[in-house]
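Listed below, chain by chain, are the residues.
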Amino acid sequence: MTKGLSLFEKRRRRNRTALRARAGTRPRLSVHRSGKHIYAQVIDDEAGRTVASASTLEKDARGQSGANVAAASEVGKRVAEKAKAAGVTQVVFDRGGFLFHGRVKALAEAAREAGLEF
């Protein structure tokens, strides 16, 4: 029987608490990765809505593996383009408890190159 939160949940909560303190009015770019796919969404916490989202499950990304750095880079580019189309240029990066390495890092760098500032 486990008591308390897992290390992953503790890291996720600690990260989100620090983000909320620094964010101000900026929306957050939230990332989730699973063994097969990666998902990203720009969330406006003040309004409680998702501004833009992208994942490896979308129709134009199907047919290729979603569990590699190339797919994560593509998702980062697409979410940045959708966010810019919605009028968002500055975000706070929420890695969601995942280490900033590999696919998460590739997604963040691709979003930066596509024009998001964080």
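Everything here concerns the structure above.
Description of the structure in this document. Computed from a prediction, not measured in an experiment: that's the story for all the values here. (Residues numbered from 1 in each chain as written. Predicted model: local features only at pLDDT ≥ 70, side-chain atom pairs only at ≥ 80, totals over all residues. Heavy atoms only, no water.)

Some thoughts on the environment of A85
Put simply, the rule is: Helix and strand assignments follow DSSP, with helices taken as H or I runs no shorter than four residues and strands as E runs no shorter than two, numbered in order from the N terminus. Here's how the labels work: a residue is buried when its accessible area is under 20% of the maximum for its type, exposed when over 50%, partly exposed in between, all with a 1.4 Å probe on protein chains only.
Mapping A85 onto the fold places it in helix 2 (residues 69-85). Judged by its relative accessible area of 71%, A85 falls in the exposed class. A sequence separation of eleven residues divides A85 from G96, and the C-alpha atoms of the two residues are 24 Å apart.

Some points on the packing of aromatic side chains
For the record, the criterion: Side-chain rings of Phe, Tyr and Trp, where Trp is taken by its six-membered ring, are said to pair if the distance between their centres is within 6.5 Å; with planes under 30 degrees apart they count as stacked, over 60 as edge-to-face, and otherwise as tilted.
Scanning all chains against the criterion turns up three aromatic pairs. For the ring pair F93 and F100, a centre distance of 5.9 Å and an interplane angle of 85 degrees mean the geometry is edge-to-face. Geometrically, the ring pair formed by F93 and F118 is stacked, given 5.3 Å between the ring centres and 15 degrees between the ring planes. Separated by 25 residues along the polypeptide, F93 in strand 4 (residues 92-94) and F118 in the segment after helix 3 (103-113) bring together distant segments of the chain. An aromatic cluster is present here, built from F93, F100 and F118 joined pairwise through their rings.

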